[in-house]
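# Observations on the three-dimensional arrangement
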Amino acid sequence: MSDERDDDIEGEAAGAVGSPGERRRRWRLALGGDDDADLSPDDVRMDRALSALYGRDEGGKGAPGRRGGLGGSAPRVARWLGDIREFFPTSVVQVIQRDAFERLNLKAMMLEPEFLATLEADVHLVADLISLRSAMPDKTRDTARMVVKKVVDELMKRLAHATAETIRGAVTRGKRTSRPRYNDIDWPRTITANLRHWQEQYRTVVPERLVGHARQTRTKAELDQVILCVDQSGSMATSVVYSSIFAAVMASLPVIETKLVCFDTQIIDLSEDLADPVEVLFGVQLGGGTDINAALAYCQGLVSQPAKTHLVLITDLYEGGNAAEMLGRAAALVASGVNLVVLLALSDDGRPGFDANHAQKFASLGCPVFACTPDQFPDMMAHALKRSDLQEWAAGRDIATVRA
């Protein structure tokens, strides 16, 4: 009986992939066409959902030459999004959405709340919503705020704890104590010290002795200052989103003082709004030119103790203002003792495009210059606060840095 069942399974598996009908089905889905004979009803829905975006016109050209393939009404687009979410994982849905914005001009549809509510939210969508918010009617802006809040909450859940613990550990150098406050517990050392108290039935360690640091109260003048100076031109959109999240987390830590300055050709200081990262993002104005020199001049005015100041300049270094003054101002900041770090991007997207000439000149001033992912940022910031060698830190993580 078992052998028969095994034979059945093998036959089904072979038929699933190797039968002529299945091979025709797969080629039909891969290449497109009008013959639906080998397709199931779900296959037809999937094929139509993809053809609406990636299909070919009569001249044999791809979808970029066509517009409005999903129709002009939000309900039809919402049904299309429902189909692609049913057939593909979230990561693929997000890629398809981004392609749809470019190929089918769906940004106009984002001004309709019914459509906006159906989108799969991610950092790129947040950046699009921020750039479009001035064109949104009030009812859509409320929906957009809810979408942004959802993404922010997910990012805070993913990044906040690691950031807080890593940075707190970098700047808190108090004596160890066996009676730490909850937020000052050193969990790795506590677990190691209590391994003998492993409780098999609960699958956990019950600590008998806590290990942590005695909290040191310091005046504001004694705190290290972190200034995140972020380019809000269109090419830096996702970097702005992540920077706002990290600034909000760091602002909640009493061990450092955090400032957030965003700039294009104008400068906006969002430091007072850091308790609400959603409000911060809605205060950002994506797009416009780039005046790094003016932004550095503003940040220079925020520095009261250069030896305790860490200025993280997040930009692709395409300067639209006075480049010579920008470099001279950067040199003055470094000479005064400010720890100036240049991040060419703070995003998941890999190696960014940047002005290589300016990057090399910043590197010649002794500034570390490289791109950074959100998961790497907390550790990078901790090493910056300790004024460790960030070139060495980056090399140890296979991060390419710009050399003078």
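Before reading further, recall that the structure is shown in the block above.
Figured I'd write up the structure that's included with this text. For clarity, every value in this text was computed on a predicted model and none was experimentally measured.

By the element assignment, Asp355 lies in the loop between strand S9 (339-346) and helix H14 (356-364). At 7.9 Å, Lys361 is the nearest oppositely charged side chain to Asp355, a buried residue that forms no salt bridge. Here Asn357 takes part through its backbone nitrogen, which lies 3.1 Å from a polar atom of the side chain of Asp355. In this structure, Asp355 is in contact with Asp316, Leu317 and Tyr318, ignoring residues within four places of it in sequence.

Turning to the nonpolar core, a few remarks are in order. Counting residues in hydrophobic clusters, the biggest one holds 58 residues, and the most contacted among them are Leu228, Leu260, Leu343, Phe377, Met380 and Met381. A total of nine residues in this core trace back to one element, the largest contributor, which is helix H8 (residues 138-171). By size, the runner-up hydrophobic cluster in this structure holds 29 residues, among which are Cys229, Val261, Phe263 and Ala295.

A word on the environment of Val249. Checked against the element boundaries, Val249 lands in helix H10 (residues 237-251). Note on Val249: relative accessible area 3%, which makes it buried. Here the alpha-carbon distance between Val249 and Thr163, two residues 86 residues apart in the chain, equals 7.3 Å. Contact partners of Val249, with chain neighbours within four places excluded, come to Met156, Ala160, Thr163 and Ala164.

In this section: the environment of Asp224. Counting through the fold element by element, Asp224 comes out in strand S5 (residues 224-231). Linking Asp224 and Ala307, residues 83 residues apart in sequence, is a C-alpha distance of 8.6 Å. Not counting residues up to four positions away in its chain, the partners in contact with Asp224 are Val255, Ile256, Glu257, Lys308, His310 and Leu385. One polar contact links Asp224 to His310, side chain to side chain, over a distance of 2.9 Å.

A few words now on the pattern of salt bridges. Enumeration over the complete set of coordinates arrives at nine salt bridges. Note that Arg158 and Asp375 form a salt bridge whose closest N and O atoms lie 3.1 Å from each other. Placement of the pair is Arg158 in helix H8 and Asp375 in the loop between strand S10 (369-372) and helix H15 (377-385), with a sequence separation of 217 residues. Judged by its relative accessible area of 37%, Arg158 is partly exposed. Among the residues examined, Asp375 registers a relative accessible area of 54% and is labelled exposed.

Bringing the packing of helix H13 (residues 323-336) against H14 into the picture now. Put simply, H13 and H14 touch, their axes get as near as 10 Å, and they point 25° apart. Between H13 and H14, the crossing angle belongs to the class labelled roughly parallel. For the element pair H13 and H14, the recorded crossing hand is right-handed. In this structure, H13 contributes Ala323, Met326, Leu327 and Ala330 to the contact, and H14 contributes His358, Lys361 and Phe362. Looking at the contact of H13 with H14, its residues break down into five nonpolar, one polar and one charged.

Here we take up the sheet that holds S10. Read from one edge of the open sheet, six strands run S7-S6-S5-S8-S9-S10, paired in mixed fashion. Both outer strands of the open sheet, strand S7 (267-269) and S10, are each paired with one neighbouring strand and no more. Strand-to-strand twist of the sheet, defined as the mean angle between neighbouring strand axes without regard to direction, takes the value 25°. In terms of strand pairing, S9 meets S10 through three bridges, oriented parallel. Looking at S10, one finds that Leu343 is bridged to Phe370.

Let us look at a nonpolar patch on the surface. On the surface, Tyr182, Trp187, Ile191 and Leu195 cluster together into a nonpolar patch covering about 440 Å² of accessible area. Summarising the element assignment, Tyr182 is placed in the loop between strand S1 (176-177) and helix H9 (187-193). By relative accessible area, Tyr182 is classed as exposed at 60%.

Although it is not a glycine, Leu317 sits at a positive phi angle of roughly 70°. By the element assignment, Leu317 lies in the loop between strand S8 (309-314) and H13.

Cut-offs used in this document
- Residues numbered from 1 in each chain as written.
- Predicted model: local features only at pLDDT ≥ 70, side-chain atom pairs only at ≥ 80, totals over all residues.
- Heavy atoms only, no water.
- Helix = DSSP H or I, 4+ residues; strand = E, 2+ residues; numbered from the N terminus.
- Buried < 20%, exposed > 50% of the residue type's maximum accessible area, 1.4 Å probe, protein only.
- Lys, Arg positive; Asp, Glu negative; His and termini not counted.
- Salt bridge = Lys/Arg side-chain N within 4 Å of Asp/Glu carboxyl O.
- Polar contact = N/O pair within 3.5 Å; in protein donor to acceptor, adjacent residues only side chain to side chain.
- Contact = heavy atoms within 4.5 Å.
- Core = buried A, V, L, I, M, F, W, Y, C linked by side-chain atoms within 4.5 Å.
- Axes fitted to C-alpha atoms, helices over the stretch in contact; angles between N-to-C directions.
- Parallel < 35°, antiparallel > 145°, perpendicular 65-115°, else oblique.
- Left-handed = near helix turned anticlockwise from the far one by under 90°.
- Nonpolar A, V, L, I, M, F, W, Y, C, P; charged D, E, K, R; others polar.
- Pairing = 2+ DSSP bridges.
- Patch = residues over 30% accessible without salt bridge, like charges linked within 9 Å, V, L, I, M, F, W, Y side chains within 5 Å.
- Areas by Shrake-Rupley, 256 points an atom, 1.4 Å probe, with all protein chains shown as cover.

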